[in-house]
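Commentary on secondary and tertiary structure
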Amino acid sequence: MAQRIRLRYTKRGRLRFTSHRDFQRAFERALRRAEVPMAYSAGFTPHPRVSYANAAPTGTGSEAEYLEIGLTEHRDPEKLRELLDESMPVGLDIIDAVEARTSGLADRLTASVWELRLDGVDAAEAARAVETYLAADTVEVQRRTKNGMRTFDTRGAVATIEVLPVPADRPVDNACAILRLVVRHLTPAVRPDDVLSGLRAVADLAPPVPAAVTRLAQGLFDEESGTVTDPLAPDREADTAASPTAAVTADAKAPEGPAA
């Protein structure tokens, strides 16, 4: 494998209902259309070297999904991003690309920032529910899994949760609360709908319509600031650090011109 490229992509609008399997099919078609020199796995049924990291649940939007591809030839990451983006459906947009110069992308995805729009919920009511939720030591909910119903705590995964100001252009007769959460990636994984179930359990907060959920970011959780950092930043920094070294090496190897 000659090169690894890491990509950030989105799920916007109606494409938020795209399943992970649907995205995989669309992305592999884009790889073929863009004539990307993909590396393949060994064995009787070779597959393109694509690694997906912590995909968002079906039905949720996202501005921060990540994957990594392996190539047999070197390509400029930005030009490759443009080619792939042109070959993808609008809404599944490839918005960032870097050459993988570090290991452990998945290990840097330790938390997500989520935004939940609760139509029909008054902001003051949502604020009271959030205050009750944060004051609790544990908030247990149940979710059906392939092994049956499972009970688990959601409170420990929620680093922060706040109610954002209602946009000024929002109609006054149309109640809407917007929550922003920072949720750690624990086992079992705590999803935004689990947090909503927790708010319902401890504060009887029950939106009349399903929440519109969007992942705004995911990356390494900074305990001191309570923020989530860009997981591609270490690759950019490594690339910047390597560039001057490469230039110096090239200058050192350059043949000297004829003496004056």
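Please read all numbers here as calculations on a predicted model, not as lab measurements.

A closer look at the nonpolar core
The biggest cluster of nonpolar side chains holds 25 residues, and the ones touching the most others in it are Leu-116, Leu-118, Ile-161, Leu-179, Leu-181, Val-195 and Leu-199. In this structure Leu-116 touches Ala-177, Ile-178, Leu-179, Leu-181, Pro-192, Leu-196, Ala-212 and Val-213, once residues within four positions along its chain are discounted. Grouped together as the second largest cluster of nonpolar side chains are 21 residues, Tyr-9, Val-50, Met-88 and Leu-92 included.

Focus: the packing of aromatic side chains
Any aromatic ring pair is given by two values, namely how distant the centres are and how the planes are angled relative to each other. As enumerated under the stated definition, the model contains three aromatic pairs in all. Between Tyr-9 and Phe-23, the ring centres sit 4.0 Å apart and the planes meet at 10°, which makes this aromatic pair stacked. A residue pair is termed long-range when its members are at least 10 positions apart, and Tyr-9 in strand S1 (residues 3-11) and Phe-23 in helix H1 (residues 20-33) qualify at 14 residues. Judged on exposure class, the residue Tyr-9 and its partner Phe-23 are both buried. For the pair Phe-23 and Tyr-52, a centre-to-centre distance of 6.2 Å together with 85° between the ring planes defines the contact as edge-to-face. In this pair, Phe-23 is assigned in helix H1 and Tyr-52 in strand S2 (residues 50-53), connecting sequence segments 29 residues apart.

Considering the confidence of the model for the chain
Overall, the prediction assigns the chain a mean pLDDT of 91, with 91% of residues at 70 or greater. Between residues 246-250, whose pLDDT stays under 50, and residues either more than four places distant or in other chains, the model counts zero contacts.

A word on the pattern of salt bridges
Per the stated rule, a full pass over the model turns up 19 salt bridges. One salt bridge connects Asp-235 with Arg-6, and the closest N-O pair in it is separated by 2.9 Å. One end of the pair, Asp-235, is in helix H5 (residues 233-253); the other, Arg-6, is in strand S1, with 229 residues separating them in the sequence. Among the residues examined, Asp-235 registers a relative accessible area of 0% and is labelled buried.

Calculation criteria
- Residues numbered from 1 in each chain as written.
- Predicted model: local features only at pLDDT ≥ 70, side-chain atom pairs only at ≥ 80, totals over all residues.
- Heavy atoms only, no water.
- Core = buried A, V, L, I, M, F, W, Y, C linked by side-chain atoms within 4.5 Å.
- Buried < 20%, exposed > 50% of the residue type's maximum accessible area, 1.4 Å probe, protein only.
- Contact = heavy atoms within 4.5 Å.
- Phe/Tyr/Trp six-rings, centres within 6.5 Å; stacked < 30°, edge-to-face > 60°.
- Helix = DSSP H or I, 4+ residues; strand = E, 2+ residues; numbered from the N terminus.
- pLDDT = per-residue confidence, 0-100.
- Salt bridge = Lys/Arg side-chain N within 4 Å of Asp/Glu carboxyl O.

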